[in-house]
Amino acid sequence: MADKKNLLAGTSDSSVENEYFSPIPRGYQKGKTKYVIVMGTVMSGLGKGIFSSCLGKLMQDKGLKVAPIKLEGYLNIDSGTLNPFRHGEVFVLDDGMECDMDLGTYERMLETNLSRDNFSTSGQIYRDVLDKERHGDYLGRDVQMIPHVTGEVKLKLRNLAIKSEADIVFVEIGGTVGDLENAFYIEAMRELAYEEGPNSCCFVALTYILEPEILGEQKSKAAQLGIKQLMQSGIQPDIIACRAARTVDQKARQKISVYSNVPIDRVISLADSASIYKIPAMLRDHGMDFEVLRLLHIEDRIDLRKERTAWATWCDFTDKIGKETNEVTIGITGKYTSVRDSYASIINALEHAGIACGCKIKIAWIETSNITDKNVAEHLKGVNGIIVPGGFGARGTEGKIACIKYIRENNIPFLGICLGFQMAVIEFARNICKLKDANSTEIVPDGPNPVIDILPEQKKIEGLGGNMRLGGHDIEIKPDTAAFKLFGNKTSVRMRFRHRYEVDPRYIETLEKEGMVFSGKAPNQPIMQILELPNHPYFIATQAHPSLTSRPLHPQPMFVGLVAAAMKR
Ligand code: GLN
């Protein structure tokens, strides 16, 4: 029988005699990359992604290379077919991956572009295992959850470690400890820590401290039970972050510390914060950055001089939060109006633009299902600017078109995004170009004037998974337009897309003749990507999703333009 060292080196040792199977990719250097593994107990939605990205930021500031990965429990291959109303916004990466909105949090906090290597689902893991089984990679073995499925998870992390050359891979496990669908991820992490050896993995458990109003005190039992469950899975947390509405008191933290074997100074209080951009400072105040460095034995890898500059720049930004001297109300139309998560990146982009302009942004959600030309003024009362965001299907579209007509005629600052861009074309076609019943074939398949039609490349496709025009594409900007000015006189910018329909090129001439300016186009195809109306204070729309690439220190120009125009109003 081969010795253990050899087995660890082989990618697919499937000999029937030994129980040990752990695929280690070629070139993997044990000990180079460390792992911080963030898990949640008690309930989901605690902000594991926020915690993990903020800690990652502190490490990055210190000159360390970090790479995040989110592991989702669901069986979907990606997030593209998920309803944002149930699961939050579908975030699109530059390489076209449709993923969880947490990837947006990582991109914003780490100022970096991620890829499909930074996201996985159970569906992907099982698919890869089954593909390998068919390929004969496990010949002679019965393919099992342990070691094969857990092996695939570890393989993914180690591949990321190699490719990213990261000092620390931040692993965020979706859902909560105890979910059946996540159990193999937790087991894989236990195996990873065993195989990588001491001081290679740092386990963080996020938990929630209840404070029922009738009792008027913080209760830690649910948190204790959640952590106990984690420990029963063979994982000893190193850090416990207690989420709560208010600062978690010493007593609750002490109880958790005693029951979990985690020293009290590593059981930290993480109360709700008005802005997520203040959380890195909270973690720093708790000394979490150095705790992690010590736990992982990498204190010697950091560059404190680099950190000083990075931290000063960051604080210049966060110091502006809450000190805004102006306020504007931006209306957002959309059908997922009851869940803020469905518009996470737009809310973030507005926040970035607001901070840059020294202006507090109030958001007014506008449900358009019942809006008509007659009552639109009433619905838009009090807003200083409007965003018509992306969406799918017919619901509320006539209301959106009525809003855009009113916005155009009354000089209200407007930013149209994806579906909002298409609605702006339809409104202009109907009311200015007099193209009767102009519409999108997504809404009316056989209308007389399909100004928005399915992309030629989309016509051939069947099924709905991962098949839109997705990801980052370059946009050619027309000189001397509003867009050109916004983008600092650049003639080419890159934005991310997620759409099936586009302006039908047959109508471009008519639209342009009547005064619509297409200031952004795809370089080699007649795909219109930005439009504007010159005789309006701010009327601009894009087929792309500009919010996806807005960053705290680099607010997206189209949002900054909107906020600036709204402030003038
Ligand atoms: N439904 C439209 C399309 O498929 C717009 C998509 C979107 O807003 N993301 O083209």
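No experiment lies behind these values; they were computed from the predicted model shown.

Visitor: Any chance you could break down the overall build of the chain for me, citing the residues and the numbers?
Guide: Per the secondary structure count, the chain includes 20 helices and 21 strands. Relative to a compact globule of 569 residues, whose C-alpha radius of gyration would be 25 Å, the chain shows 26 Å and is just as compact. Counting only C-alpha atoms, the chain reaches 80 × 55 × 50 Å along its principal axes. Classification of the 569 residues of the chain by burial places 56% in the buried group. Pairs at least 24 apart in sequence give 72% of the contacts found in the chain among residues at least 6 apart. Of the charged side chains in the chain, 70 are positive and 72 negative; the average position of the first set lies 3 Å away from that of the second.

Visitor: Mind laying out the packing of helix H2 (residues 48–61) against helix H4 (residues 102–110), listing which residues take part and the relevant values?
Guide: Across the interface, H2 lies against H4 with an axial gap of 9 Å and an inter-helix angle of 25 degrees. One finds that H2 runs roughly parallel with respect to H4. Crossing geometry of H2 relative to H4 is assigned as right-handed. Between H2, through Gly 49, Ile 50, Ser 52, Ser 53, Cys 54, Gly 56, Lys 57 and Gln 60, and H4, the contact on the second element is made entirely by Asp 102, Thr 105, Tyr 106, Met 109 and Leu 110. Considering only residue class, the contact of H2 with H4 consists of five nonpolar, six polar and two charged.

Visitor: Residues and numbers for the site of the ligand, please.
Guide: Taken together, Gly 390, Gly 391, Phe 392, Cys 418, Leu 419, Gln 422, Glu 442, Arg 498, His 499, Arg 500, Tyr 501 and His 545 form the complete shell of residues around the ligand. His 545 is positioned with one of its side-chain polar atoms (N or O) 3.3 Å from a nitrogen atom of the ligand. The fraction of the free accessible surface of the ligand (290 Å²) that becomes covered by protein chains is 99%. Elements represented by at least two residues in the shell around the ligand include exactly helix H16 (419–431) and strand S17 (492–499). By residue class, the composition of the shell around the ligand is four nonpolar, five polar and three charged.

Visitor: Lay out the pattern of salt bridges in plain terms, naming residues and giving numbers.
Guide: On inspection of all chains with the given rule, the structure shows 40 salt bridges. In this structure, Glu 187 engages Arg 190 in a salt bridge whose closest nitrogen and oxygen atoms are separated by 2.9 Å. Here Glu 187 and its partner Arg 190 are both found in helix H7 (residues 183–196), three residues apart, which amounts to about one turn of the helix. When its relative accessible area of 16% is taken as the criterion, Glu 187 is described as buried.

Visitor: Mind laying out the environment of Ala 541, listing which residues take part and the relevant values?
Guide: Relative to the elements of secondary structure, Ala 541 occurs in strand S21 (residues 539–542). With 152 residues separating them in the primary sequence, Ala 541 and Pro 389 have C-alpha atoms 9.7 Å apart.

Visitor: Provide a residue-level description of the sheet that holds strand S2 (residues 66–72), including the pertinent values.
Guide: The strand order across the open sheet built from seven strands is S5-S2-S6-S1-S7-S8-S9, with neighbouring strands paired in parallel fashion. Of all the strands in the sheet, the pair left with one neighbour each is strand S5 (119–121) and strand S9 (267–271). With strand direction ignored, the average angle separating the axes of adjacent strands in the sheet is 20 degrees. Bridge count for strand S7 (residues 201–208) against strand S8 (residues 239–244) is five bridges, and the pairing is parallel. By the bridge assignment for S8, Ala 205 is matched with Ile 240.

Visitor: Any chance you could break down the nonpolar core for me, citing the residues and the numbers?
Guide: Membership of the largest hydrophobic core comes to 51 residues, with the highest contact counts inside it found for Val 36, Phe 51, Leu 55, Met 59, Ile 168 and Leu 283. Residue contributions to this core peak at five residues, all from H2. Once residues lying within four places of it in the same chain are set aside, the contact partners of Leu 55 are Val 36, Phe 170, Leu 283, Met 288, Asp 289 and Val 292. Formed by 44 residues, the second largest nonpolar core is a distinct cluster that contains Phe 21, Val 149, Cys 242 and Val 262.

Visitor: Tell me about the side chain of Lys 70, and please be specific about residues and values.
Guide: Counting through the fold element by element, Lys 70 comes out in strand S2. A polar side-chain atom of Lys 70 sits 3.2 Å from a polar atom in the side chain of Asp 100. Those residues in contact with Lys 70 that lie beyond four places of it in its chain are Asp 100, Asp 102, Leu 103, Asn 118, Phe 119, Ser 120, Glu 172 and Gly 174.

Visitor: Could you give an account of helix H12 (residues 304–318), naming the residues involved and the relevant values?
Guide: The terminal C-alpha atoms of H12, which comprises 15 residues, lie 20 Å apart, in line with the 21 Å expected from a rise of 1.5 Å per residue. Of all the positions in H12, only Glu 307, Trp 311, Trp 314, Phe 317 and Thr 318 are classed as buried. The arc that holds every buried residue of H12, seen down its axis, measures 110 degrees, which confines them to one face. Along H12, the residues that are exposed and aim more than 90 degrees away from the buried face are Arg 305, Arg 308, Thr 309 and Asp 316. Summarising the contacts, the buried residues of H12 are in contact with H2, H4, helix H10 (279–285), helix H11 (288–295) and helix H13 (344–357). In this structure Asp 303 caps H12, since a side-chain oxygen of it lies 3.1 Å from the backbone nitrogen of Arg 305.

Visitor: Can you break down unusual backbone geometry residue by residue, with the values?
Guide: The omega torsion across Ile 146 and Pro 147 is 15 degrees, close enough to zero to call that bond cis. Looking at the element boundaries, Pro 147 is found in helix H6 (residues 145–164). Unusually for a residue other than glycine, Glu 165 sits at a positive phi of about 55 degrees. For Glu 165, the position within the fold is in the loop between H6 and strand S6 (168–173). Residue class for Glu 165 comes out partly exposed when judged on its relative accessible area of 47%. Its identity as a non-glycine residue notwithstanding, Asp 480 has a phi of 60 degrees, on the positive side.

Visitor: Give me the side chain of Lys 48: which residues, what numbers.
Guide: Assignment of secondary structure puts Lys 48 in helix H2. Within the buried core, Lys 48 has no salt-bridge partner, and the shortest N-O distance to an opposite charge, that of Glu 172, equals 5.1 Å. Only 2.8 Å separates the side chain of Lys 48 from the backbone oxygen of Gly 175, close enough to count as a polar contact. If we skip the residues at most four places from it in the chain, Lys 48 touches Val 38, Met 39, Gly 40, Glu 172, Ile 173, Gly 174, Gly 175 and Leu 206.

Visitor: Go over the sheet that holds strand S19 (residues 517–521) with me, naming the residues and quoting the values.
Guide: What the nine strands build is an open sheet, ordered S11-S10-S12-S13-S21-S20-S19-S16-S17; its pairing is mixed. Strand pairing shows two members of the sheet lacking a second neighbour, strand S11 (359–366) and S17, which therefore form its edges. If you compare each strand with its neighbour and ignore which way they point, the axes differ by 25 degrees on average. Pairing of strand S10 (residues 326–333) with strand S12 (residues 385–388), which is carried by three bridges, proceeds in the parallel orientation.

Rules and cut-offs
- Residues numbered from 1 in each chain as written.
- Predicted model: local features only at pLDDT ≥ 70, side-chain atom pairs only at ≥ 80, totals over all residues.
- Heavy atoms only, no water.
- Helix = DSSP H or I, 4+ residues; strand = E, 2+ residues; numbered from the N terminus.
- Rg over C-alpha atoms; globule rule 2.2 N^0.38 Å.
- Buried < 20%, exposed > 50% of the residue type's maximum accessible area, 1.4 Å probe, protein only.
- Contact = heavy atoms within 4.5 Å.
- Lys, Arg positive; Asp, Glu negative; His and termini not counted.
- Charge placed at Lys NZ, Arg CZ, Asp CG, Glu CD.
- Axes fitted to C-alpha atoms, helices over the stretch in contact; angles between N-to-C directions.
- Parallel < 35°, antiparallel > 145°, perpendicular 65-115°, else oblique.
- Left-handed = near helix turned anticlockwise from the far one by under 90°.
- Nonpolar A, V, L, I, M, F, W, Y, C, P; charged D, E, K, R; others polar.
- Near = heavy atom within 4 Å.
- Polar contact = N/O pair within 3.5 Å; in protein donor to acceptor, adjacent residues only side chain to side chain.
- Areas by Shrake-Rupley, 256 points an atom, 1.4 Å probe, with all protein chains shown as cover.
- Salt bridge = Lys/Arg side-chain N within 4 Å of Asp/Glu carboxyl O.
- Pairing = 2+ DSSP bridges.
- Core = buried A, V, L, I, M, F, W, Y, C linked by side-chain atoms within 4.5 Å.
- Expected span 1.5 Å × (residues − 1).
- Arc of directions from axis to C-beta.

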